[in-house]
Amino acid sequence: MIHKAYKIPLIYQKINQRGFFELKIFLWLNDMEWMSIDRIKEYEYDNGENPFIIPFAITGGGDKWVWIVNSENKEYPIGLCERGEINGIYYAKNTEDAILKQIIEYVTDSNFYLNKNEAKSYQISESELKLKLRKWKNSFKGILNDEYFEIRLPQSHWL
């Protein structure tokens, strides 16, 4: 079990309060499958597993997304501990930035198609992508920094 002194980050608590860990309204991200707060608190460490990391999500391949408890910060840095590896990979400075990074990585990867006849099985259309972005924006409103979802185009002196 995780040490009782460790606190679940506020961002994660807000996501939980909105019910996004429940199957009916589960909030999907590309490679971050959430663990419930109860499951996090009851996590049993394997022998030799570092107690200063707290798993909060897993990838489709079973790798662990973790909070790195290295200070008194309320928002812990995020790491990715791949199965079978001794060391993890630093991913983001906190949960908020990790979520934003997941969204950006999904959008900038080859997960959507321009021509349906050439689409791969995992790819979605541009309109489906827009729906996902809109859902993330609405779901994370009041949880993530609102500036993350503002789109500002530079003013051109040519127009």
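Residues numbered from 1 in each chain as written. Predicted model: local features only at pLDDT ≥ 70, side-chain atom pairs only at ≥ 80, totals over all residues. Heavy atoms only, no water.

Undergrad: Sorry if this is basic, but what is going on with helix α1 (residues 10-17) here?
TA: Turn by turn, an α-helix covers 3.6 residues, leaving residues three or four places apart pointing in a common direction. Buried within α1 are the following residues: Ile11, Tyr12 and Ile15. What you see down the axis of α1 is that its buried residues fit within an arc of 95°, all on one side. In α1, the exposed positions that point more than 90 degrees away from the buried face belong to Leu10 and Gln17. In this structure, the buried residues of α1 make contact with β1 (33-34), α2 (37-41), β2 (53-58), β3 (64-68), α3 (95-108) and α4 (126-140). (Buried < 20%, exposed > 50% of the residue type's maximum accessible area, 1.4 Å probe, protein only. Helix = DSSP H or I, 4+ residues; strand = E, 2+ residues; numbered from the N terminus. Arc of directions from axis to C-beta. Contact = heavy atoms within 4.5 Å.)

Undergrad: Any chance you could explain the pairing of β2 here in plain terms?
TA: The side chains of a regular strand alternate, first on one face of the sheet and then on the other. Among the six residues that make up β2, five are buried, leaving the element largely enclosed by the rest of the structure. Sheet analysis places β1 next to β2, joined by two bridges and oriented antiparallel. Bridge pairing in β2 links Glu33 to Ile58. In terms of strand pairing, β2 meets β3 through five bridges, oriented antiparallel. By the bridge assignment, Ala57 is partnered in β3 with Trp65. Taking the residues between adjacent antiparallel strands as the criterion, β2 and β3 are bridged by five residues, where Gly62 takes a positive phi near 90°. (Pairing = 2+ DSSP bridges.)

Undergrad: Help me understand a negative patch on the surface in this model?
TA: A cluster of acidic side chains, namely Asp31, Glu33, Glu105 and Asp109, defines a negative patch on the protein surface. Among the structural elements, Asp109 can be located in the loop between α3 and α4. (Patch = residues over 30% accessible without salt bridge, like charges linked within 9 Å, V, L, I, M, F, W, Y side chains within 5 Å. Areas by Shrake-Rupley, 256 points an atom, 1.4 Å probe, with all protein chains shown as cover. Salt bridge = Lys/Arg side-chain N within 4 Å of Asp/Glu carboxyl O. Lys, Arg positive; Asp, Glu negative; His and termini not counted. Charge placed at Lys NZ, Arg CZ, Asp CG, Glu CD.)

Undergrad: What exactly am I supposed to notice about the sheet that holds strand β5 (residues 89-92) here?
TA: By definition, the strands of a sheet pair up through backbone hydrogen bonds, in either a parallel or an antiparallel sense. Pairing is antiparallel across the open sheet formed by five strands, whose spatial order is β1-β2-β3-β4-β5. Two strands in the sheet have a free side with no partner beyond their single neighbour: β1 and β5. Judged from the three bridges that link them, strand β4 (residues 78-81) and β5 form a sheet pairing that is antiparallel. Residue pairing in the sheet places Ile78 in a bridge with Ala92 of β5. Each of β1, β3, β4 and β5 is contacted by α3, which is oriented at about 90° to β5, the strand it contacts most. (Axes fitted to C-alpha atoms, helices over the stretch in contact; angles between N-to-C directions.)

Undergrad: Would you mind going over the nonpolar core with me for this structure?
TA: The tendency in soluble globular proteins is for nonpolar side chains to be buried side by side. In this structure, Tyr12, Trp34, Phe56 and Phe140 are the most contacted members of the largest nonpolar core, which totals 38 residues. If you tally residues by element for this core, the top one is α3, at four residues. (Core = buried A, V, L, I, M, F, W, Y, C linked by side-chain atoms within 4.5 Å.)

Undergrad: Can you help me understand the pattern of salt bridges in this one?
TA: Side chains that carry opposite charge are capable of pairing whenever their charged atoms lie near each other. In total, this model carries one salt bridge according to the counting rule given. Between Lys64 and Glu49 there is a salt bridge, and its shortest N-O distance comes to 2.8 Å. With Lys64 in strand β3 and Glu49 in the loop between α2 and β2, the pair connects residues that are 15 residues apart, well separated along the chain. The class of Glu49 is buried, set by a relative accessible area of 18%.

Undergrad: Just checking my understanding: could you explain the pairing of β3 for this structure?
TA: With four bridges joining them, β3 and β4 adopt antiparallel strand pairing. Among the inter-strand pairings, Trp67 is bridged to a residue of β4, identified as Ile78.

Undergrad: What am I meant to see in the packing of aromatic side chains here?
TA: Describing an aromatic ring pair means giving the distance of the ring centres and the angle of the ring planes. Inspection of every chain in the model, using the stated rule, returns seven aromatic pairs. With centroids separated by 4.6 Å and ring planes inclined at 65°, the aromatic side chains of Trp65 and Tyr91 adopt a geometry described as edge-to-face. Separated by 26 residues along the polypeptide, Trp65 in strand β3 and Tyr91 in strand β5 bring together distant segments of the chain. Assessed through its relative accessible area of 2%, Trp65 is described here as buried. (Phe/Tyr/Trp six-rings, centres within 6.5 Å; stacked < 30°, edge-to-face > 60°.)

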